[in-house]
Amino acid sequence: MWDVEGKKYLDFFAGFATLNQGHCHPRIVNAMREQVGILHHTARAIGHNLLYQVSEKLTSLFDYEKVLLTNTGVEGGETAVKLARKWGYQKKKIATGQAGVVFAEGNFWGRTLAAISSSCDPTSYREFEPLMPGFHKVPYNNLEKLEEKLRDPNICAFMVEPLQGEAGAVVPDVGYLKGVRELCTKYNVLWIDDEVQAGLGRTGKLLCCDHEQVKPDILILGKALSGGVYPIAAVLADSKIMDCFTPGTHGSTYGGNPLACKIAMTALDVILEENLVENSAKMGEIFRSELTKRLDKKRVKLVRGLGLLNAIVLDPNFRTAKEVSLALKQNGLITKQIKDNILRVSPALSITEEQLRSGIDILVNTINSMPAK
């Protein structure tokens, strides 16, 4: 990236981990230009060929029977929660008005009223009350506490990020996702997997849940599905769940419009055909290994993550993450704080090893040379 004064930067932020394919990928830009001159929007009451094509592509690739397209990741979360409640009343026979949804503490999936109602961050929910009823929280990465909550027969779903992005690239213990799958099956609860940020190659697998080879009941995709150029998100489930929605019970003015569908198909092709998933895994290993070896342990407590969704946890006695991010910007690298002492690092999955190592050098030299408070 270059600013208006011509200064060059390495973008290790990538639009909140959205630009998996990089900035202005020519295949995605060309697809957008082509489609916008043909047909860019219809009412959802009118079918179009690209809606069927992208639906076939998504359901085949991720092994689900149905997909519902929305515009943004937070809409995907809202849709998944609505669908789970509908399923809870129709299939689990929960009494009207009693359906509960469980969320992991530390989650972040947007700023709608439903999303902030599941949040543990006062910045998100304070002075926006009253919050959504029927939402429950359990500690992340704790199967025992989850099982206690799922024993409640009124619980219809558990929604969780397979790797918590906004919490600071928090990776659960090996076996956690398998345990989630087993518990949700045992208690007849839908597992909603929020892969809006962690999916589509970001963690070194096509889906983050692929690290444990488990399949959720409802899958939410977003961010990189758009190629970073035009909003589109997707909610996938099998017919026994998705068919709880009937005409008129859910909808979207722009969801699944022709322009978004064309871009989404191209964005997926780029990820798969240009081996961005494999590159994410390889570059992520180099990134964490090099920083762990080279960063001053008195300044940095931990480097963690999967693939190219990572965090640098600073010692609280050093400097704030905001101060470090501003120093990095001065030295030609863009990233952002997500907590007072945590930097997020999420470059495009198309990054080369040369670019990655240049960024590593900037990170190491900047952090190791900064004086403490």
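This text gives an overview of the structure that appears in the document. (Residues numbered from 1 in each chain as written. Predicted model: local features only at pLDDT ≥ 70, side-chain atom pairs only at ≥ 80, totals over all residues. Heavy atoms only, no water.)

**Here we look at the overall build of the protein**
For step 1, the next point in the chain: A tally of regular secondary structure across the protein gives 13 helices and 13 strands.
For step 2, the next point in the chain: Taking 373 residues into account, the globule formula puts the C-alpha radius of gyration at 21 Å, and the protein, at 21 Å, falls close to it.
For step 3, the next point in the chain: The principal-axis extent of the C-alpha atoms belonging to the protein is close to 60 × 55 × 40 Å.
For step 4, the next point in the chain: Per-residue burial for the protein yields a buried fraction of 55% across its 373 residues.
For step 5, the next point in the chain: Within the protein, contacts between residues separated by at least 24 positions form 75% of all contacts whose residues are at least 6 apart in sequence.
For step 6, the next point in the chain: Counting every atom, the protein has about 16500 Å² of accessible surface; 52% of that belongs to carbon and sulfur.
For step 7, the next point in the chain: Positive and negative charge centroids in the protein, built from 45 and 42 side chains respectively, lie 2 Å apart. (Helix = DSSP H or I, 4+ residues; strand = E, 2+ residues; numbered from the N terminus. Rg over C-alpha atoms; globule rule 2.2 N^0.38 Å. Buried < 20%, exposed > 50% of the residue type's maximum accessible area, 1.4 Å probe, protein only. Contact = heavy atoms within 4.5 Å. Areas by Shrake-Rupley, 256 points an atom, 1.4 Å probe, with all protein chains shown as cover. Lys, Arg positive; Asp, Glu negative; His and termini not counted. Charge placed at Lys NZ, Arg CZ, Asp CG, Glu CD.)

**Some words on the nonpolar core**
For step 1, the next point in the chain: Within the largest apolar cluster, 78 residues are counted, with the highest numbers of intra-cluster contacts made by L58, F62, L150 and F158.
For step 2, the next point in the chain: Top contributing element to this core by residue count: helix α10 (residues 258-273), with ten residues. (Core = buried A, V, L, I, M, F, W, Y, C linked by side-chain atoms within 4.5 Å.)

**Quick word on the sheet that holds strand β2 (residues 66-70)**
For step 1, the next point in the chain: The strand order across the open sheet formed by seven strands is β2-β8-β7-β6-β5-β3-β4, and the pairing between neighbours is mixed. At either margin of the open sheet sits one strand with a lone partner, and together these are β2 and β4 (135-138). Neighbour to neighbour, the strand axes of the sheet diverge by 20 degrees on average, direction disregarded.
For step 2, the next point in the chain: Of the strands in this sheet, β2, β3 (100-104), β4, β5 (155-160), β6 (190-194), β7 (218-221) and β8 (233-237) are in contact with helix α4 (residues 73-90), which crosses β5 at around 160 degrees.
For step 3, the next point in the chain: Most of the contacts of helix α8 (residues 176-186) go to β6, to which it runs at about 150 degrees, and overall it touches β5 and β6. (Pairing = 2+ DSSP bridges. Axes fitted to C-alpha atoms, helices over the stretch in contact; angles between N-to-C directions.)

**Overview of the environment of G134**
For step 1, the next point in the chain: Residue placement: G134 occurs in the loop between α6 (122-125) and β4.
For step 2, the next point in the chain: Setting aside residues no more than four positions away along its own chain, G134 makes contact with A99, G100 and V101.

**Observations concerning the packing of aromatic side chains**
For step 1, the next point in the chain: Tallying each qualifying case throughout the model produces four aromatic pairs.
For step 2, the next point in the chain: With 4.8 Å between their ring centres and 65 degrees between their planes, F13 and F16 make a pair best called edge-to-face.
For step 3, the next point in the chain: For F16, a relative accessible area of 38% corresponds to the partly exposed category.
For step 4, the next point in the chain: Centre to centre, the rings of F103 and F135 are 4.7 Å apart; their planes meet at 50 degrees, and the pair counts as tilted. Taken as a pair, F103 in strand β3 and F135 in strand β4 lie far apart in primary sequence, 32 residues in all. With respect to class, F103 is no different from F135; both count as buried.
For step 5, the next point in the chain: An aromatic cluster is present here, built from F103, W109 and F135 joined pairwise through their rings.
For step 6, the next point in the chain: One cation-aromatic arrangement involves K215 over Y64; the distance from NZ or CZ to the ring centre is 4.4 Å. (Phe/Tyr/Trp six-rings, centres within 6.5 Å; stacked < 30°, edge-to-face > 60°. Lys NZ or Arg CZ within 6 Å of the ring centre and 35° of its normal.)

**Structural notes on the packing of helix α7 (residues 143-150) against α8**
For step 1, the next point in the chain: Orientation of α7 relative to α8, taken along the N-to-C sense of each, is 15 degrees, at an axis distance of 10 Å. It follows that α7 is roughly parallel to α8 by the angle criterion. Pair α7 / α8 crosses with right-handed handedness. Taking contact as the criterion, the partners of L143, L146, E147 and L150 in α7 are, on α8, Y176, G179, V180, L183, C184 and K186.
For step 2, the next point in the chain: Split by residue class, the contact of α7 with α8 holds seven nonpolar, one polar and two charged. (Parallel < 35°, antiparallel > 145°, perpendicular 65-115°, else oblique. Left-handed = near helix turned anticlockwise from the far one by under 90°. Nonpolar A, V, L, I, M, F, W, Y, C, P; charged D, E, K, R; others polar.)

**Quick word on α10**
For step 1, the next point in the chain: For α10, with 16 residues, the first-to-last C-alpha span of 22 Å sits near the 22 Å given by 1.5 Å per residue.
For step 2, the next point in the chain: In terms of burial, α10 is a largely internal element, 13 of the 16 residues being buried.
For step 3, the next point in the chain: For α10, the N-terminal cap is N257; the gap from its side-chain oxygen to the backbone nitrogen of L259 is 3.2 Å.
For step 4, the next point in the chain: Phi turns positive, to about 60 degrees, at N275, one or two residues after α10. (Expected span 1.5 Å × (residues − 1). Polar contact = N/O pair within 3.5 Å; in protein donor to acceptor, adjacent residues only side chain to side chain.)

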